[in-house]
Amino acid sequence: MSSLPILVLNSGSSSIKFSVYEAGDGERTKLFEGAVDGIGTDLGKLWIKDATGKKLVDETPAVPTRAVAFKMVADALHSGDFPIPAAIGHRTVCGGPTITENQRITPELIDEIESYSALAPLHTPIAVFIMREALKLFPGVPNFAVLDTYFHRTLPEVAKQMPIPAEYVAMGVRRYGYHGISYESIIHQLEPNVPEKLIVAHLGNGASISAIRNGKCLDTSMALTPTSGIISGSRTGDIDPGIVIFILKKIAETTPNALEAADKLETVVSKKSGLLGVSELSNDMRDLRDAINAGNAKARLAVDKFTWTIARWIGSYVAELNGLDMLVFTGGIGENDIAARAEICAGLGALGIVVDPTRNNVRGEAVISADNSPVKVRVIPPAEDLIIVNHVVRLLG
Ligand code: AMP
């Protein structure tokens, strides 16, 4: 295959991030990356920088809508200053129950993904909007959906199945798992020495953890939506369903319309809870660490809740894997929060997890376990865009 420029698109609620790689035979070179930030706010920003970090575009245009934002990306890439992409990979959080393989995007595929928007209501509407715009604004360029749920397709039935009435299971309610592209990228970086029994903790603003056997996902903490599993920045993680019912009934006292009440409930469990809810201060770990240093007890409790939950999850995954060879931390907190890694691992000596404080005193890629630790503990930054490019190249054939 001759070298082809591949565009990777990753869209969030207020930003569209993108990168372009040159992909040849086994070669992947990042050419540049950029983003339109602040969509729908007064703080619109378009920036593009090359692989050395040099800013090529740095503007502050008005970005009232997502459509305007994506047009800016398309216009920039058609300006003649950058190579026109030969193919586009879309990070796609959830394909629903029917789309489990990464594949070429067609209008029918978009409709099918959209029909399961209720399963990932914060992500899918944005993703399908960008897919439709990309088909229009890059005519003739093949687009591919690369799914976060793809890595979790190997989950055994016992992990996928939810203990609920069959009628809801038939609607597609099950464990899907998220952050799959990040997990794939960790496996990719460990290859060819992927340990048999592996736990990867993706700890970012959203947090999840997976048990992986021989490179295949055995269990993962997120289920139907990213709100489940570990407590994260502003999400509850797993909680007693009775709490959700209690909150819903409270909301219904002032919001009699059931769908409106459900929307408000969703805001409570996914945007106002987690580290933010407990600390009443911030969803951002850096803010919480500053507050802890200043003696803030609620920030301390929020972070304790976070690390305590993760330690418990690691314990249950060691049981599920029947042992452990390696624990990997990734994501913004996993890579950078030295204290969180130390706190999580502090009580896990009996599981063979022994972190060396000096080795742990780093940000970014490192082995942080002690020489006598039966379990190797590593920090590995994810390389998600590279994985998307790899899938696109594979699917281009
Ligand atoms: P991500 O979603 O992967 O970008 O991760 C975002 C999270 O990583 C936020 O909670 C940040 O506060 C946290 N984070 C980033 N850098 C640091 C750092 N130096 N120390 C502690 N937490 C950090």
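Scope of this entry: the structure provided in the associated data block. (Residues numbered from 1 in each chain as written. Predicted model: local features only at pLDDT ≥ 70, side-chain atom pairs only at ≥ 80, totals over all residues. Heavy atoms only, no water.)

**Structural notes on the overall build of the protein**
On a plain count of helices and strands, the protein comes out with 15 helices and 14 strands. For 397 residues, the compact-globule formula gives about 21 Å, and the C-alpha radius of gyration of the protein, at 21 Å, lands near that figure. Each principal axis of the C-alpha distribution contributes one length, and for the protein these read about 60 × 60 × 45 Å. Within the protein, contacts between residues at least 6 apart in sequence are counted, and of these 60% link residues at least 24 apart. Per element, the accessible surface of the protein, about 17800 Å² overall, is 54% carbon and sulfur. (Helix = DSSP H or I, 4+ residues; strand = E, 2+ residues; numbered from the N terminus. Rg over C-alpha atoms; globule rule 2.2 N^0.38 Å. Contact = heavy atoms within 4.5 Å. Areas by Shrake-Rupley, 256 points an atom, 1.4 Å probe, with all protein chains shown as cover.)

**Some words on the environment of Lys-55**
Within the fold, Lys-55 resides in strand E5 (residues 55-59). The residues contacting Lys-55, other than those within four sequence positions of it, are Trp-47, Ile-48 and Lys-49.

**Considering the site of the ligand**
In the vicinity of the ligand, the contacting residues are Gly-204, Asn-205, Asp-284, Met-285, Arg-286, Gly-331, Gly-332, Ile-333, Asn-336, Asp-337 and Arg-363. Side-chain polar atom of Asp-284 to an oxygen atom of the ligand: 2.4 Å apart, as the coordinates give it. Backbone polar atom of Ile-333 to an oxygen atom of the ligand: 3.3 Å apart, as the coordinates give it. In the complex, 73% of the free accessible area of the ligand, which totals 500 Å², lies under the protein chains. Looking at the shell around the ligand, the elements that each hand over two or more residues are helix H10 (285-293) and helix H12 (331-336). Here the element with the most residues in the shell around the ligand is H12; it accounts for 4 residues. Along the lines of polarity and charge, the residues of the shell around the ligand split into 2 nonpolar, 5 polar and 4 charged. (Near = heavy atom within 4 Å. Polar contact = N/O pair within 3.5 Å; in protein donor to acceptor, adjacent residues only side chain to side chain. Nonpolar A, V, L, I, M, F, W, Y, C, P; charged D, E, K, R; others polar.)

**Describing the pattern of salt bridges**
Scanning the model with the defined rule gives 19 salt bridges in all. Between Glu-280 and Lys-298 there is a salt bridge, with its nearest N and O atoms 2.6 Å apart. Remark: Lys-298 occurs in helix H11 (residues 297-321) and Glu-280 occurs in the loop between helix H9 (274-279) and H10; sequence separation between them is 18 residues. On the basis of relative accessible area, Lys-298 is assigned to the partly exposed category, the value being 43%. Arg-359 is the partner of Asp-371 in a salt bridge, and the nearest nitrogen-oxygen pair spans 2.8 Å. Of this pair, Asp-371 sits in the loop between strand E13 (366-367) and strand E14 (376-379) while Arg-359 sits in helix H14 (residues 357-360), and the two are 12 residues apart along the sequence. For Asp-371, a relative accessible area of 70% puts it in the exposed group. Overlapping salt bridges, with partners in common, bring together Arg-289, Arg-300, Asp-304, Asp-337 and Glu-343 in one network. (Salt bridge = Lys/Arg side-chain N within 4 Å of Asp/Glu carboxyl O. Buried < 20%, exposed > 50% of the residue type's maximum accessible area, 1.4 Å probe, protein only.)

**Observations concerning the nonpolar core**
Core analysis: the largest hydrophobic core is formed by 40 residues, its most contacted members being Leu-203, Phe-306, Ile-314 and Leu-327. Among the elements of the structure, strand E9 (197-203), strand E10 (207-213), H10, H11, strand E12 (326-330), helix H13 (338-345) and E14 are those that each provide at least two residues to this core. Per-element tally for this core: the top contributor is H11, with 11 residues. Ignoring any residue separated from it by four or fewer positions in sequence, one finds Ile-314 in contact with Ile-199, Ile-209, Leu-327, Ile-344, Leu-348 and Ile-353. (Core = buried A, V, L, I, M, F, W, Y, C linked by side-chain atoms within 4.5 Å.)

**Structural notes on the packing of H10 against H11**
The N-to-C vectors of H10 and H11 enclose an angle of 125 degrees; their axes lie 8 Å apart at closest approach. Here H10 is positioned oblique relative to H11, judged by the angle of their axes. As for how H10 packs across H11, the hand of that crossing is left-handed. Counted together, Met-285, Leu-288, Arg-289, Ala-291 and Ile-292 of H10 and Ala-299, Arg-300, Val-303 and Phe-306 of H11 form the full contact between these two elements. Class assignment for the residues of the contact of H10 with H11 results in 7 nonpolar, no polar and 2 charged. (Axes fitted to C-alpha atoms, helices over the stretch in contact; angles between N-to-C directions. Parallel < 35°, antiparallel > 145°, perpendicular 65-115°, else oblique. Left-handed = near helix turned anticlockwise from the far one by under 90°.)

**Let's talk about the layout of surface pockets**
Any empty space left between atoms is shown by rolling a water-sized probe over those atoms. Within this model, the second largest pocket holds a volume of roughly 1300 Å³. Lining the second largest pocket we find 38 residues, and of these Leu-224, Thr-225, Thr-227, Ser-228 and Val-244 sit closest to its centre. Every element with two or more residues in the lining of the second largest pocket is listed here: strand E11 (216-220), helix H7 (241-254), helix H8 (258-271) and H11. The dominant element in the lining of the second largest pocket, judged by the number of residues it contributes, is H8, at 5 residues. Grouping the constituent residues of the lining of the second largest pocket by class yields 25 nonpolar, 9 polar and 4 charged. (1 Å grid on protein atoms, 1.4 Å probe; cavity = no way out; pocket = protein on both sides within 12 Å on 5 of 7 lines; lining within 4 Å. Points joined across faces, edges and corners; volume = space filled by probe spheres on them.)

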